[in-house]
Amino acid sequence: LNHIVHNGGLYKRPFNEAFEETPMLVAVLTYVGYGVLTLFGYLRDFMRQWKIEKCQNATEREEQKDFVPLYQDFENFYNRNLYMRIRDSWNRPICSVPGAKVDMMERVSHDYNWTFTYTGRVIKDIINMGSYNYLGFAQKAGACQEAAARVLSQYGAGVCSTRQEMGNFDKHEELEKLVARFLGVESAMAYGMGFATNSMNIPALVGKGCLILSDELNHASLVLGARLSGATIRIFKHNNMQSLEKLLKDAIVHGQPRTRRPWKKILILVEGIYSMEGSIVRLPEVIALKKKYKSYLYLDEAHSIGALGPNGRGVVDYFGLSPEDVDVMMGTFTKSFGAAGGYIGGKKELIDYLRTHSHSAVYATSMSPPVVEQIITSMKCIMGEDGTTVGKARVQQLAENTRYFRRRLKEMGFIIYGNEDSPVVPLMLYMPAKIGAFGREMLKRNIGVVVVGFPATPIIESRARFCLSAAHTKEMLDTALKEINEVGDLLQLKYSRHRLVPLLDRPFDETTYEETED
């Protein structure tokens, strides 16, 4: 689906992104499966109430029985009766570096996943298809590890203060200058936690009387930050530019509810790569709309920084755009850089303002020096400032692995979501029973995968999510693909009928966005 012609020459490269529609029979069977599980859940709750079955879930004490229920909501019902059946697919304890292969502690459950017991055995050399180790910098040997160990011996592990007090080290200053140079912006600021970079900085940028236009599939950190800000929030359909433009037009024409005054600010929130869909933001179109309607753009590059673009500089680099066109560039160090924390880059005035107004800057403890050094060393490697071409080779290797893995899965007949260049690869499972079955069968074959279901995804769109890495060799990928193919046949997961529906052509219901007032 080449949108160069359709979008007035905004794209300098083909933009191939499509979502195959869910087969009707699969959708019906998925709803039936959830219905049967729900009925059995109510039956088991009835049995627990009458002490026929042992109740192991959290409940109110006897003296609180007349209080408003603390635990008895639907989410808790779902956790007890649906999630608990497949809980062994999550929180698996890793006991090695989360590189291309990992070691995992074996555990068993004798009470249907309510509790786990460790056997003492370690499962060795599991091919890791779930970690966000895009460029392979999560490693226990090499330049990054040596540099971090050297800084650990010089500075120690903790800072024990905020940046504004006694926690502003020379390493923090060096990191921020390097990040600004890497992004091509005037200034940057680093934070100790990626989630808080969003949730604590958005309230510092917008407030009451402002409007936030947020993609419907934005990360929870963006959603929380938007809610904490007190601004009005309106949702546009995922990556749908017609939906976004309609909201922008309405916002300018009608202004604020009741008073009809103009909005103080309009802020568009988008992500570079959407971590559940594997899709890439239509950034050229978003920037064109932002300029046309004089709004601001906040870009979350948590998954795209390092993983996209010929130079590994994210979605802006991928589309060949100017960083100056993005007002707030946010990203994390937790993925491509194999570290922890996040950053915000932009104009010097923006960063100076955030240094004094952001809660995560004023109140949070500074980043640990060894973590800072890990980021500095890996970033310099990507930029080629270490005197080698290792970083560039890793970026290219990730792109090759991504295209190869996606192509092979599609050829096998699986339904794969997202952009062909996205290292996040969702494989659709749909039915609730297949979530746990896929995770267990893959682990039996020494492949570690992440499976995702409701409420993290729509109820009929459960999936397995693979994350590619530059550290994966072709032999590893071929081994994983062979086992995925075998499990796909075993569980009958090859639903694809090759009826690809481009996201741009998905029907848009004008009632699908929400409005949150004061």
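Residues numbered from 1 in each chain as written. Predicted model: local features only at pLDDT ≥ 70, side-chain atom pairs only at ≥ 80, totals over all residues. Heavy atoms only, no water.

Per an unreviewed UniProt entry, the protein carries the name serine C-palmitoyltransferase and comes from Columbina picui. As its UniProt record puts it under Cofactor (unreviewed entry), the protein is described as follows: "pyridoxal 5'-phosphate". Within the UniProt record for the protein, the comment given under Subcellular location (unreviewed entry) is "Endoplasmic reticulum membrane". (UniProt positions renumbered as here; feature names shortened; annotations may be inferred.)

Caption draft 1: Focus on the pattern of salt bridges. With the rule as written, the count across this model stands at 35 salt bridges. Its salt-bridge partner being Glu176, residue Arg163 comes within 2.8 Å of it at the nearest N-O pair. Here Arg163, found in the loop between helix H3 (143-155) and helix H4 (170-183), pairs with Glu176, found in helix H4; they are 13 residues apart in sequence, far enough to count as distant. Between Lys246 and Asp250 there is a salt bridge, and its shortest N-O distance comes to 3.1 Å. Pair noted here: Lys246 and Asp250 are both in helix H7 (residues 241-254), with a separation of four residues, about one helical turn. By relative accessible area, which is 24% here, Lys246 ends up partly exposed. (Salt bridge = Lys/Arg side-chain N within 4 Å of Asp/Glu carboxyl O. Helix = DSSP H or I, 4+ residues; strand = E, 2+ residues; numbered from the N terminus. Buried < 20%, exposed > 50% of the residue type's maximum accessible area, 1.4 Å probe, protein only.)

Caption draft 2: Layout of the domain arrangement of the protein. Parsing the protein into structural domains produces domain 1 (18-128 + 389-498) and domain 2 (143-383). Contacts between the two partners involve 19 residues from domain 1 and, on the opposite side, 19 residues from domain 2. Buried surface at the junction of domain 1 and domain 2, summed over both partners, amounts to about 1400 Å²; 59% is from carbon and sulfur atoms. At the boundary of domain 1 with domain 2, the tally comes to one salt bridge. In this structure, Arg463 engages Glu277 in a salt bridge whose closest nitrogen and oxygen atoms are separated by 2.9 Å. Taken together, domain 1 and domain 2 are joined by eight residue pairs in polar contact (both at pLDDT 80 or more). Among the elements of the structure, helix H13 (390-412), strand E11 (424-430) and strand E14 (462-467) are those that each provide at least two residues to the side of domain 1 that touches domain 2. (Domains from an automatic or database assignment. Contact = heavy atoms within 4.5 Å. Buried area = accessible area lost by both parts, 1.4 Å probe. Polar contact = N/O pair within 3.5 Å; in protein donor to acceptor, adjacent residues only side chain to side chain.)

Caption draft 3: Spotlight on the UniProt feature "domain: Aminotransferase class I/classII large" (unreviewed entry) in the protein. Under the UniProt annotation, "domain: Aminotransferase class I/classII large" (unreviewed entry) lies at residues 124-484. When the span residues 124-484 is considered, its composition is 43% helix and 16% strand, and the gap between its end C-alpha atoms is 19 Å.

Caption draft 4: Broad picture of the UniProt feature "transmembrane region" (unreviewed entry) in the protein. The UniProt record marks residues 24-43 with the feature "transmembrane region" (unreviewed entry), using the residue numbering of this structure. Between the C-alpha atoms that bound residues 24-43 the distance is 29 Å, and the span itself is 100% helix and 0% strand.

Caption draft 5: Quick look at the nonpolar core. Met129, Phe333, Phe405, Leu409, Phe438 and Phe466 are the most contacted members of the largest nonpolar core, which totals 107 residues. The two domains that each donate at least three residues to this core are domain 1 (18-128 + 389-498) and domain 2 (143-383). Beyond its immediate sequence surroundings of up to four residues, Leu409 is in contact with Phe414, Ile416, Val425, Leu427, Phe466, Leu481 and Ile484. Counting residues in hydrophobic clusters, the runner-up holds 23 residues, among them Leu205, Ile212, Ile233 and Leu350. (Core = buried A, V, L, I, M, F, W, Y, C linked by side-chain atoms within 4.5 Å.)

Caption draft 6: Quick peek at H7. Under the 1.5 Å per step criterion, the end-to-end length of H7 is 20 Å for 14 residues, consistent within 8% with the ideal 20 Å. The complete set of buried residues in H7 reads Met241, Ser243, Leu244, Leu247, Leu248 and Ala251. Around the axis of H7, the buried residues are gathered within 165° of arc, so they sit on the same side. In this structure, the buried residues of H7 make contact with strand E5 (211-215), strand E6 (232-236), strand E7 (266-271) and helix H8 (283-292). Measuring from the side-chain oxygen of the N-cap residue of H7 to the backbone nitrogen of Gln242 gives 3.1 Å; that N-cap residue is Asn240. Residue Gly255 follows H7 closely and has a positive phi angle near 65°. (Expected span 1.5 Å × (residues − 1). Arc of directions from axis to C-beta.)

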